[in-house]
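Letter by letter, the chains look like this.
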Amino acid sequence: MLSIIKSMSLLGLNGYLISVEVDVSAGIPCFEIVGLPDTSIKESKERVQTAIRNSNIQVLSKKIIVNLAPANIRKEGSMFDLPMAVGVLIATKNIKNKQINNILENTIFIGELSLDGTLNKISGILPVCIEAKKMGIKQIVLPQENAKEASLQNKVLVFGIRSLKEVVKFLLGEITIEPEVPMCPETLEQMQKVFGVSIEQLNTYLSEYMHNLPQADTYQLHLANSVWFTTHDRFTVKEDFLQTNADYYQADIYAAAFDDATLSDINQWVKDKTDGR
């Protein structure tokens, strides 16, 4: 039996829709992944099979072939663990739901699996969601730890889930999971005022920049973020804002008086992050 699950791949900041095609048939038991996968994806078969078993889901020994289409796009990372697992479980009839085809048509699945079936946080989720929105995707199923960041795009419904077992129950209709509450309009408007452009335009500019970088091994790209905020009594910064920047953007957080010493500290921070350049 064949099942097809939608997922996404990133090249720089550009997203590409990937069809995770899973075919399960009789034959010598095996689990093969084709479609230009990198090493981390080839290792997915061990994570997927073990996560399914440790989620107390029985899958008989079968010949399992996974194709990541289109085959001409290089796929990297462990984000295809979840769509592979879902594809295997649908193809082996462990997930049977009359509405499953409608769900799969409008949903992408992304997530790395631990051996016990837990879904692990992945990197680069916001560009993925922004690209998914452009492609008309209506909802995305991903690790719970990525849900808040993914909801920043404010359009695609985001379902944060903790484990493979929970995903199965969700698709079977046995449990209800509320989508992550998106960013409030006021916050989005404030961000766009700060940047001077819309979030969509900002992503487009970044995508073009990444695309135009020289295709060579003579450079390295390092990203560093920091938040410097004043300790003035009349100005307060919400703790949630600082924590979000630290959690999702690995930002260094500094309280500062914004005097000459602060200027020196900021210059030193930049120097340290750019290796003195």
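Structural notes, computed from the coordinates. (Residues numbered from 1 in each chain as written. Predicted model: local features only at pLDDT ≥ 70, side-chain atom pairs only at ≥ 80, totals over all residues. Heavy atoms only, no water.)

1. Considering the overall build of the chain
Working step 1: Of regular secondary structure, the chain possesses 11 helices and 11 strands.
Working step 2: Residues counted as buried form 39% of the 277 residues belonging to the chain.
Working step 3: If you take every contact in the chain between residues at least 6 apart in sequence, the share linking residues at least 24 apart comes to 70%.
Working step 4: Summing over all exposed atoms, the chain offers an accessible surface of approximately 15900 Å²; the carbon and sulfur share of this is 51%. (Helix = DSSP H or I, 4+ residues; strand = E, 2+ residues; numbered from the N terminus. Buried < 20%, exposed > 50% of the residue type's maximum accessible area, 1.4 Å probe, protein only. Contact = heavy atoms within 4.5 Å. Areas by Shrake-Rupley, 256 points an atom, 1.4 Å probe, with all protein chains shown as cover.)

2. Quick look at the nonpolar core
Working step 1: Within the largest apolar cluster, 55 residues are counted, with the highest numbers of intra-cluster contacts made by Val20, Val66, Met84, Ile110, Ile125 and Ile140.
Working step 2: Among the elements that take part in this core, helix H3 (residues 81–91) stands out by supplying eight residues, more than any other.
Working step 3: Leaving out residues up to four positions away in the same chain, valine 20 has contacts with Ser3, Ile4, Ile5, Ser7, Val66, Asn67, Leu68, Phe80, Pro83 and Met84. (Core = buried A, V, L, I, M, F, W, Y, C linked by side-chain atoms within 4.5 Å.)

3. Some details on the pairing of strand E8 (residues 139–143)
Working step 1: With five of five residues buried, E8 lies mostly within the body of the structure.
Working step 2: Two elements, strand E5 (residues 107–109) and E8, share three bridges in a ladder whose sense is parallel. When the bridges of E8 are listed, threonine 107 appears paired with glutamine 139.
Working step 3: Both E8 and strand E9 (residues 157–161) contribute to a ladder of five bridges, which runs parallel. Each residue of the ladder has a partner; that of isoleucine 140, found in E9, is valine 158. (Pairing = 2+ DSSP bridges.)

4. Concerning the packing of aromatic side chains
Working step 1: By the definition in use, this model includes two aromatic pairs.
Working step 2: Seen from their ring centres, tryptophan 228 and tyrosine 254 are 4.3 Å apart, and the 25° between their planes marks the pair as stacked. Of this pair, tryptophan 228 sits in strand E10 (residues 226–230) while tyrosine 254 is found in strand E11 (residues 252–256), placing the two residues 26 residues apart along the sequence.
Working step 3: A relative accessible area of 29% places tyrosine 254 in the partly exposed class. (Phe/Tyr/Trp six-rings, centres within 6.5 Å; stacked < 30°, edge-to-face > 60°.)

5. Let's talk about unusual backbone geometry
Working step 1: Residue proline 70 is reached from alanine 69 by a cis peptide bond, and omega for that bond is 5°.
Working step 2: Within the element layout of this structure, proline 70 appears in the loop between strand E4 (63–69) and H3.
Working step 3: Notably, leucine 36 is not glycine yet its phi reads approximately 65°, a positive angle.
Working step 4: Along the chain, leucine 36 falls in the loop between strand E3 (30–34) and helix H1 (39–42).
Working step 5: With phi around 65°, lysine 93 is a residue other than glycine that occupies positive phi space.
Working step 6: Residue placement: lysine 93 occurs in the loop between H3 and helix H4 (100–105).
Working step 7: Judged by its relative accessible area of 54%, lysine 93 is exposed.

6. Some remarks on the packing of helix H2 (residues 44–54) against H3
Working step 1: Between H2 and H3, whose axes approach to 10 Å, the crossing angle comes to 55°. Taken together, H2 and H3 sit at an angle that is classed as oblique. Once H2 is placed against H3, the crossing between them reads as right-handed. Contact residues: Ser44, Arg47, Val48 and Ile52 in H2; Asp81, Met84, Ala85, Val88 and Leu89 in H3.
Working step 2: Counted by class, the contact of H2 with H3 contains six nonpolar, one polar and two charged residues. (Axes fitted to C-alpha atoms, helices over the stretch in contact; angles between N-to-C directions. Parallel < 35°, antiparallel > 145°, perpendicular 65-115°, else oblique. Left-handed = near helix turned anticlockwise from the far one by under 90°. Nonpolar A, V, L, I, M, F, W, Y, C, P; charged D, E, K, R; others polar.)

7. Here we look at the side chain of asparagine 245
Working step 1: Looking at where asparagine 245 falls in the secondary structure, it is placed in helix H10 (residues 239–249).
Working step 2: Looking at asparagine 245, its side chain comes within polar contact range of the main-chain oxygen of phenylalanine 241, at 2.9 Å.
Working step 3: For asparagine 245, the residues in contact, after removing those within four places along its chain, are Val227, Gln250, Ala251 and Ile253. (Polar contact = N/O pair within 3.5 Å; in protein donor to acceptor, adjacent residues only side chain to side chain.)

8. Details of the pattern of salt bridges
Working step 1: In total, this model carries five salt bridges according to the counting rule given.
Working step 2: Across the salt bridge formed by lysine 6 and glutamate 105, the nearest N and O atoms sit 3.7 Å from each other. A residue pair is termed long-range when its members are at least 10 positions apart, and lysine 6 in strand E1 (residues 2–11) and glutamate 105 in helix H4 qualify at 99 residues.
Working step 3: Here glutamate 105 falls in the partly exposed class, since its relative accessible area comes to 49%.
Working step 4: A salt bridge links arginine 47 to aspartate 81, with the shortest nitrogen-to-oxygen separation between them at 2.6 Å. Linking arginine 47 in helix H2 with aspartate 81 in helix H3, this pair joins segments that are 34 residues apart in sequence. Side by side, arginine 47 and aspartate 81 carry an identical accessibility label, which is buried. (Salt bridge = Lys/Arg side-chain N within 4 Å of Asp/Glu carboxyl O.)

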